[in-house]
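In case you want the letters, here they are:
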Amino acid sequence: MKDQLFSPCELGNTNLKNRVVMAPLTRSRAIDNIPNSLMATYYGQRAGAGLIITEGTSPSPNGLGYPRIPGCFTPEQARGWKLTTDAVHEKGGRIFLQIMHTGRVSHPGNMPAGAEVLAPSAVPFADLKMYVDGKGELPIPLARPMNVQDIVDVVEEYAATAKLAVEIGGFDGVEIHAANGYLLEQFISPITNKRDDQFGGSIENRLRLVRNVMEAVVAAIGADRVGMRVSPYGVLNEMGEYDSIEETYQRLAAMANDAGIAYLHTVDHVGMGAPAVPESIKRSLRDTFNRTLILSGNYDAIEAENDLQANKGDLVAFGRPFISNPDLVERFRQDARLQLPKQDTFYTPGPVGYIDYPFLVKESVS
Ligand SMILES: Cc1cc2nc3c(=O)[nH]c(=O)nc-3n(C[C@H](O)[C@H](O)[C@H](O)COP(=O)(O)O)c2cc1C
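Residues numbered from 1 in each chain as written. Predicted model: local features only at pLDDT ≥ 70, side-chain atom pairs only at ≥ 80, totals over all residues. Heavy atoms only, no water.

J.: Explain the pattern of salt bridges residue by residue, including any values.
T.: When the charged atoms of two side chains lie near each other, side chains of opposite charge can form a pair. Tallied over the entire structure, the rule returns 14 salt bridges. Across the pair aspartate 86 and lysine 82 runs a salt bridge, and its minimum N-O distance is 2.8 Å. You can see aspartate 86 and its partner lysine 82 sitting in helix α2 (residues 75-90), four residues apart, about one turn around the helix. You can call lysine 82 partly exposed: its relative accessible area is 32%. The salt bridge involving aspartate 327 is made with arginine 331; its shortest N-O contact spans 2.8 Å. Residues aspartate 327 and arginine 331 agree in their burial class; the two are buried. In the salt-bridge network here, residues are joined through shared partners; they are Glu116, Arg144 and Asp150. (Salt bridge = Lys/Arg side-chain N within 4 Å of Asp/Glu carboxyl O. Helix = DSSP H or I, 4+ residues; strand = E, 2+ residues; numbered from the N terminus. Buried < 20%, exposed > 50% of the residue type's maximum accessible area, 1.4 Å probe, protein only.)

Set out below in structure tokens:
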């Protein structure tokens, strides 16, 4: 019985055919940072999801920290994305663009000429390395701390990307990536934000960039088309716990509520070796934010149904299962066996390990 999981619902003003979400998954197939037809095939194969959230996509040359990740800050990139949104919409799917600025999690070797590794403060990594094509894993150079003009510019970049995504890219909306240790979380966390201006110090100051970005994106495309991903207690990219963490996220959820955005999306990476995320913070987000809450992290269909029935959230996102099961929703319906993902092709260019995972039945040509 997966009545909840398969029930349609509304997300802002977007109708979803079920409550299964494809989580954002970086796959590094965008040669020259331009989305292409291979990516359209991949996303089109997965259009059985009620909602697809794309892989992290940069709003700026400065946010292209990883090899071959897509951008959506030029019309050419947005037109490249239109191939994907058309493929998904043709099959009745819905798709949001995840806007990810990598900030300090970057290497100049992955970035176009003239781009810069930026961060709230110059805080070195303890161990993190960055893969660069042709060079392997390299130490990450210290980022340049952003000045106020850089901050004004980045806010505009988020808004411009959201507009391009909707107007040219054909997206149903965008997800602001404020999770997993990328630029926005670098501002939220005192571990990486050592500033003493209006963007650092107090909770209000550490949340100011997220607030500004959220408000600018809402002004650009409307609150109903905007979501945000957060990862309280996440440890990716050398993030971690700090004293005011519960209050910080409670305030963030209240801010998102006031802005009227369509959803909040929580991350729990316990299934990937991270420490457990306390139930208290999940409850606090649920209680504070009145619109849609998307849960994610190590779910199977049964746990997803249970958590929906227990009203812990409204939608459930699946990450790795969608890599290896393009027809994941159909497999859930039939209680079919799931295929396991092959990690060695997560980030390799080309079709292998990307569009060649078998369907239960051959894809119908319609
Ligand atoms: C290959 C891979 C790439 C990922 N890329 C992103 C990303 O671009 N943005 C993001 O927010 N999370 C990213 N994640 C995290 C997933 O969205 C998800 O939170 C994680 O896989 C846990 O969910 P799961 O247990 O269902 O896989 C990635 C995870 C994997 C395995």
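J.: How would you sum up the sheet that holds strand β11 (residues 226-230)? Please name residues and give values.
T.: Pairing is parallel in the closed barrel, where eight strands are placed in the order β3-β4-β5-β10-β11-β12-β13-β14. Adjacent strand axes in the sheet meet at a mean angle of 25 degrees, parallel and antiparallel pairs treated alike. Alignment of strand β12 (residues 263-266) against strand β13 (residues 292-296), held across three bridges, turns out to be parallel. Pairing of histidine 265 across the sheet is with isoleucine 294, part of β13. Strands in contact with α2 are β4 (51-57) and β5 (95-99); relative to β5, the strand with the most contacts, it is inclined by about 145 degrees. (Pairing = 2+ DSSP bridges. Axes fitted to C-alpha atoms, helices over the stretch in contact; angles between N-to-C directions. Contact = heavy atoms within 4.5 Å.)

J.: Go over the layout of surface pockets with me, naming the residues and quoting the values.
T.: Approximately 1,300 Å³ is the volume found for the largest pocket. The wall of the largest pocket is formed by 50 residues, among which Leu25, His269, Met272, Phe346 and Tyr347 lie closest to the centre. Secondary structure elements with two or more residues in the lining of the largest pocket: β4, β7 (129-132), β14 (315-318) and α10 (320-324). Residue composition of the lining of the largest pocket, by class: 26 nonpolar, 15 polar and nine charged. (1 Å grid on protein atoms, 1.4 Å probe; cavity = no way out; pocket = protein on both sides within 12 Å on 5 of 7 lines; lining within 4 Å. Points joined across faces, edges and corners; volume = space filled by probe spheres on them. Nonpolar A, V, L, I, M, F, W, Y, C, P; charged D, E, K, R; others polar.)

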